[in-house]
Amino acid sequence: MSEQPQVIHRKDYKEPDFFVEKVELVFDLERDVTNVKSRLFIAANPARGTGKGDEVFLHGEDMKLLSVALDGVRLASSDFDVDAEGLRFAAPGSNFIAEIETQISPANNTRLEGLYVSQSAFCTQCEAEGFRRITYFPDRPDVMATYKVTINADKTNCPVLLSNGNLIDSGDLDGGRHFAVWEDPFPKPSYLFALVAGDLACVEDSFVTMSGRKVALRIFVEHGNEDRCDYAMDSLIRSMKWDEEVYGLEYDLDLFNIVAVSDFNMGAMENKSLNIFNAKYILAKPDTATDMDYELIESIVAHEYFHNWSGNRVTCRDWFQLSLKEGLTVFRDQEFSADQRSRPVQRIKDVAQLRARQFPEDGGPLAHPVRPDSYMEINNFYTATVYEKGAELIRMMHTLLGPDGYRKGIDLYFDRHDGQAVTCDDFAKAMEDANGIDFTQLKRWYSQAGTPELTWTGNYDADAKQFRLSVSQKTAPTPGQPDKQPLHMPIAIGLLGADGSDLVAQMVELTSDSQEFVFDGVSEKPVVSFNRGFSAPVNVMTDQPDEELVFLMGNDSDAFNRWEAGQKYATRLMLSAITAYEENGGDADAALDAQGDSVESFIAAMGATLMNDDLDKAFRADAVMLPGEEFLSEQRKPANPEAIHQVRKALRKRIGLGLMGDLANTYHQNASNAAFTPDATSAGQRALRAASLSYLVASEKGEYADLAAEQYRTADNMTDQMAALSVLNNLDHPGRAEALADFEERFAKDGVVLDKWFALQAVSSRDDTLARIKDLMSHPAFTMRNPNKVRSLIGAFAMGNPRAFHAKDGSGYEFYADRLIELDDINPQVAARLCAPLGTWAKYDGERASLMKAALERVLAKPEISRDLYEIASKSIAS
Ligand code: TRP
Ligand code: ZN
């Protein structure tokens with residue numbers, strides 16, 4: 001990059017000058033030089049008043065242009081302009097055909113955007129702006145065309161030839177080649193185009209839709225992985241059924257394909273009828289995948305399938321509207337998982353994720369609204385804010401409208417906008433119109449960044465039997481938004497009586513900076529359960545006494561707030577101990593002793609949850625986990641990673657010692673001889689057992705480390721093995737080296753599984769971790785070219801090992817900046833996504849902050865830094 005990249009603004013949106021109505025593509029696939037011929041049926045846009053003689057602009061990057069012809073007449077090179085961004089020529093009329101021939105090199109495409117090679121197969125990734133690396137085209141989502149795609153390739157290397165839509169022709173060609181022709185009848189933006197060609201195995205099933213159409217379902221994987229597709233297929237079928245039942249949405253073609261590839265920048269991609277997945281989110285069998293892997297496969301398969309309506313049939317007008325499809329689709333996949341598994345456990349998981357990833361983003365230098373106002377590189381806006389906070393916004397609409405009102409709005413939205421490229425405002429308008437409601441203030445959640453902070457106080461009048469709840473909200477400034485306005489949000493409230501039952505369970509709507517809610521007929525002084533189910537995505541500041549938190553942990557009818565009360569108590573306790581640790585010169589045990597009875601009463605409350613057989617096991621497993629180090633580092637400035645780590649570890653040890661009998665019983669009672677099944681109930685049992693093991697080991701009684709080593713050796717499934725290995729991972733126990741060696745040997749050739757092995761070593765709390773990571777970079781299975789490998793070893797270090805990453809001597813930062821610089825030349829999109837941890841410098845002490853900034857400076861000084869990495873690094877250093 002020679003100059004500062006251009007900033008694109010939402011307010012500058014203009015409709016396209018020309019549309020493309022139909023596209024015909026012919027690919028001559030070769031790894032080194034692939035020839036692409038395109039025929040574009042172009043039409044002027046009447047709304048723009050364009051026509052003959054006006055400039056036509058087609059995006060195009062990193063291609064060799066061979067020829068351009070308009071209405072059959074080849075252009076001389078003086079009749080068009082081509083530069084690094086694209087191709088320009090004058091329209092020969094209002095309707096014309098452009099024929100363009102280009103060459104690209106899939107084998108040299110390390111960015112994994114456009115057409116590239118993964119293992120031995122060709123595949124594509126076009127969202128957001130990858131299609132312009134395949135051929136010249138108006139590569140923006142408001143240009144929707146039908147596609148007819150011819151693929152020619154070597155028959156031996158590429159027996160499978162796939163694109164979007166229906167197969168309409170195929171046959172043999174000379175020279176050992178063959179061809180296939182695919183036609184997609186649904187007009188779509190270029191970002192949904194896909195092509196796959198390779199020697200892949202296929203697993204097949206079918207689904208009969210609600211109107212009785214039979215749809216063929218196929219999952220393509222590398223040979224040898226056919227036995228790892230069952231769960232993905234089952235998840236797909238359940239997703240199709242759920243979308244019919246809950247949203248009334250039916251699949252619209254006779255074929256649905258999924259392809260799993262090893263090299264992929266993100267999780268998966270919803271290309272019309274040809275979803276392409278990171279293999280990690282498809283492949284599973286009991287001895288290779290954990291319960292968490294199964295859960296992710298289920299939700300991502302569902303997510304991509306749901307995009308067929310929320311994203312494909314109705315798409316985004318421009319990339320600022322990304323949350324239109326992503327926020328809605330995440331909400332849909334969260335609800336799907338809640339219906340398939342346990343609703344409260346799902347909510348806890350989603351909120352924990354939001355707090356761990358989105359809240360820090362919203363409070364840091366990269367904070368941006370759900371609908372951003374500007375960007376340099378759109379790839380950088382596939383964020384937790386656009387996805388997860390966007391989903392919370394839809395969830396609030398759902399809460400405010402109720403299920404029936406929400407469904408009326410959804411029906412109107414799809415009815416009104418099917419086949420269109422629309423905006424977040426259009427979505428909200430459909431919700432408003434269908435319900436005769438005004439969402440003007442609610443829509444501020446689209447435009448205002450930052451996590452609101454709520455404070456409440458309660459006042460009980462025994463004579464009047466009245467409870468008054470005063471609530472106020474405040475949002476701190478974020479980059480570019482110094483002044484914040486009050487937001488509209490639903491707050492679910494419970495008022496509990498002394499017997500634990502609900503005296504009041506009600507939803508109130510907060511709209512002002514501060515507001516009072518009055519509850520009448522409250523027969524006794526209640527305990528408040530605030531923001532039940534996390535009805536609004538906010539931070540709640542409260543000084544509810546410890547006794548009330550313990551009461552809520554044991555009694556709240558809202559399972560989410562039972563969990564929440566425990567997390568609050570644990571957080572308060574640890575923060576106070578962290579301060580004591582800093583004051584006493586680094587003695588974590590003394591710091592806990594200084595907390596008086598709190599530690600014991602907390603452990604007792606946690607023990608009661610652990611042993612409460614009325615509660616779901618998955619819930620109990622979550623409820624006994626302490627808030628993570630990353631979460632704690634958000635709670636106080638400056639964050640002290642060493643203190644956080646030591647205090648949390650010491651508290652875990654006390655829990656292990658304090659509840660040892662119960663933990664051991666729980667561990668043994670939850671062993672199972674039954675064959676592994678991935679259902680939520682069995683997974684919950686395994687999770688509770690794993691939580692027990694981890695506390696038993698934390699007690700530092702040697703026999704339990706032996707027990708973990710034994711569990712690793714005897715387990716018949718990956719979930720139990722990983723549970724054992726992840727606790728051994730932080731120890732000096734001989735079982736650790738033994739288990740790691742065994743794992744490496746067993747999965748040496750199994751990329752997706754071996755990634756777990758890399759990641760474990762990267763997050764180990766042992767002192768030799770960074771040295772070990774450096775060694776692992778020359779492991780034969782490691783390569784900077786594979787995003788999963790980079791995320792497992794390098795990303796996991798920065799994001800999952802705060803103590804090592806933030807080592808006082810700056811060794812973690814220095815190593816990390818070197819990797820970002822190295823990766824930027826290979827894959828800028830992944831490099832930019834990994835840069836965020838260095839941007840958290842403002843949360844740390846002066847010494848760490850300046851080391852982190854120096855690392856960012858070094859990244860920014862990289863010659864030819866990509867636009868992707870430049871945007872993140874420069875914004876990170878700024879504020
Ligand atoms: N649309 C995809 C999803 O959320 C995300 C995605 C996949 C993506 N690959 C990408 C986004 C590459 C940007 C770049 O389901
Ligand atoms: Zn998505």
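Quick notes on the rules
Residues numbered from 1 in each chain as written. Chains lettered and ligands numbered in written order. Predicted model: local features only at pLDDT ≥ 70, side-chain atom pairs only at ≥ 80, totals over all residues. Heavy atoms only, no water. UniProt positions renumbered as here; feature names shortened; annotations may be inferred. Pairing = 2+ DSSP bridges. Helix = DSSP H or I, 4+ residues; strand = E, 2+ residues; numbered from the N terminus. Axes fitted to C-alpha atoms, helices over the stretch in contact; angles between N-to-C directions. Domains from an automatic or database assignment. Contact = heavy atoms within 4.5 Å. Buried area = accessible area lost by both parts, 1.4 Å probe. Salt bridge = Lys/Arg side-chain N within 4 Å of Asp/Glu carboxyl O. Polar contact = N/O pair within 3.5 Å; in protein donor to acceptor, adjacent residues only side chain to side chain. Near = heavy atom within 4 Å. Areas by Shrake-Rupley, 256 points an atom, 1.4 Å probe, with all protein chains shown as cover. Expected span 1.5 Å × (residues − 1). Buried < 20%, exposed > 50% of the residue type's maximum accessible area, 1.4 Å probe, protein only. Disulfide = S-S within 2.5 Å.

- The name given to the protein chain in an unreviewed UniProt entry is Aminopeptidase N, with Thalassospira profundimaris as the source organism.
- We quote the UniProt Cofactor (unreviewed entry) comment for the protein chain here in full: "Zn(2+)".
- Quoted verbatim from the Catalytic activity (unreviewed entry) heading of the UniProt record, the comment on the protein chain is "Release of an N-terminal amino acid, Xaa-|-Yaa- from a peptide, amide or arylamide. Xaa is preferably Ala, but may be most amino acids including Pro (slow action). When a terminal hydrophobic residue is followed by a prolyl residue, the two may be released as an intact Xaa-Pro dipeptide."

### Points about the pairing of strand 15 (residues 177–189)
Reasoning step 1: In the sheet, strand 12 (residues 144–154) pairs with strand 15 via 10 bridges, with the strands oriented antiparallel. Looking at strand 15, one finds that I151 is bridged to A180.
Reasoning step 2: Counting the residues in the hairpin turn of strand 14 (residues 166–172) and strand 15 gives 4 residues, including G175, whose phi is positive at 70 degrees.

### Some thoughts on the sheet that holds strand 4 (residues 55–59)
Reasoning step 1: Pairing is antiparallel in the open sheet, where 3 strands are placed in the order 4-8-7. Among the strands making up the open sheet, the edge pair consists of strand 4 and strand 7 (80–82). The sheet shows a mean angle of 15 degrees between the axes of neighbouring strands, taken without regard to direction.

### Re the domain arrangement of the protein chain
Reasoning step 1: Along its sequence, the protein chain is carved into domain 1 (8–291) and domain 2 (315–447).
Reasoning step 2: Computed over C-alpha atoms, the centres of domain 1 and domain 2 are 26 Å apart.
Reasoning step 3: Counting from both sides, the interface comprises 26 residues of domain 1 and, opposite them, 33 residues of domain 2.
Reasoning step 4: Summed over both partners, the interface of domain 1 with domain 2 comes to about 2600 Å²; 53% of that surface belongs to carbon and sulfur atoms.
Reasoning step 5: Counting across the interface, domain 1 meets domain 2 through 4 salt bridges.
Reasoning step 6: Between E127 and K325 there is a salt bridge whose closest N-O contact spans 2.7 Å.
Reasoning step 7: For the interface between domain 1 and domain 2, the tally reads 15 residue pairs in polar contact (both at pLDDT 80 or more).

### Brief notes about the UniProt feature "domain: Peptidase M1 alanyl aminopeptidase Ig-like fold" (unreviewed entry) in the protein chain
Reasoning step 1: UniProt records the feature "domain: Peptidase M1 alanyl aminopeptidase Ig-like fold" (unreviewed entry) for residues 450–542 in the present numbering.
Reasoning step 2: Taken end to end, residues 450–542 is 0% helix and 53% strand, and its two terminal C-alpha atoms sit 19 Å from one another.

### As for the site of ligand 1
Reasoning step 1: Residues in close proximity to ligand 1 total 15 residues, the closest being E127, A268, E270, E304 and Y387.
Reasoning step 2: Within the side chain of Q125, an N or O atom sits 3.2 Å from a nitrogen atom of ligand 1.
Reasoning step 3: Measuring from a nitrogen atom of ligand 1, one finds a side-chain N or O atom of E127 at 2.5 Å.
Reasoning step 4: Look at ligand 1: alone it shows 370 Å² of surface, and the protein chains cover 97% of it.
Reasoning step 5: Put simply, the parts of the chain that give the shell around ligand 1 at least two residues each are strand 20 (268–269), helix 2 (291–306) and helix 3 (322–340).

### A short note on helix 14 (residues 641–658)
Reasoning step 1: The end-to-end C-alpha distance of helix 14, which contains 18 residues, comes to 25 Å, matching closely the 26 Å that a straight helix rising 1.5 Å per residue would cover.
Reasoning step 2: For helix 14, the complete set of buried residues consists of P641, A643, I644, H645, V647, R648, A650, L651, R652, I655 and G656.

### Description of the state of the cysteines
Reasoning step 1: Tallied over the full model, the rule gives 0 disulfides.
Reasoning step 2: Lacking any disulfide linkage, C123 is separated from the closest cysteine sulfur, that of C126, by 10 Å.
Reasoning step 3: The thiol of C158 is unpaired, and the distance to the nearest cysteine sulfur, on C123, comes to 11 Å.

### So, the sheet that holds strand 14
Reasoning step 1: Strands sit in the order 6-5-9-3-2-12-15-14 across an open sheet of 8 strands; the sheet is mixed. The open sheet is flanked by strand 6 (73–74) and strand 14, the only strands paired with a single partner.
Reasoning step 2: Two strands pair when backbone bridges link them, and strand 5 (residues 64–70) and strand 9 (residues 95–104) are joined in this way by 6 bridges, in the antiparallel orientation. Across the sheet, V68 pairs through a bridge with I100, a residue of strand 9.

### Some thoughts on the side chain of E270
Reasoning step 1: Residue position: E270 is located in the loop between strand 20 and strand 21 (274–278).
Reasoning step 2: In this structure, E270 is in contact with E127, Y191, L192, N275, E304, H307, N312, K325 and E326, ignoring residues within four places of it in sequence.

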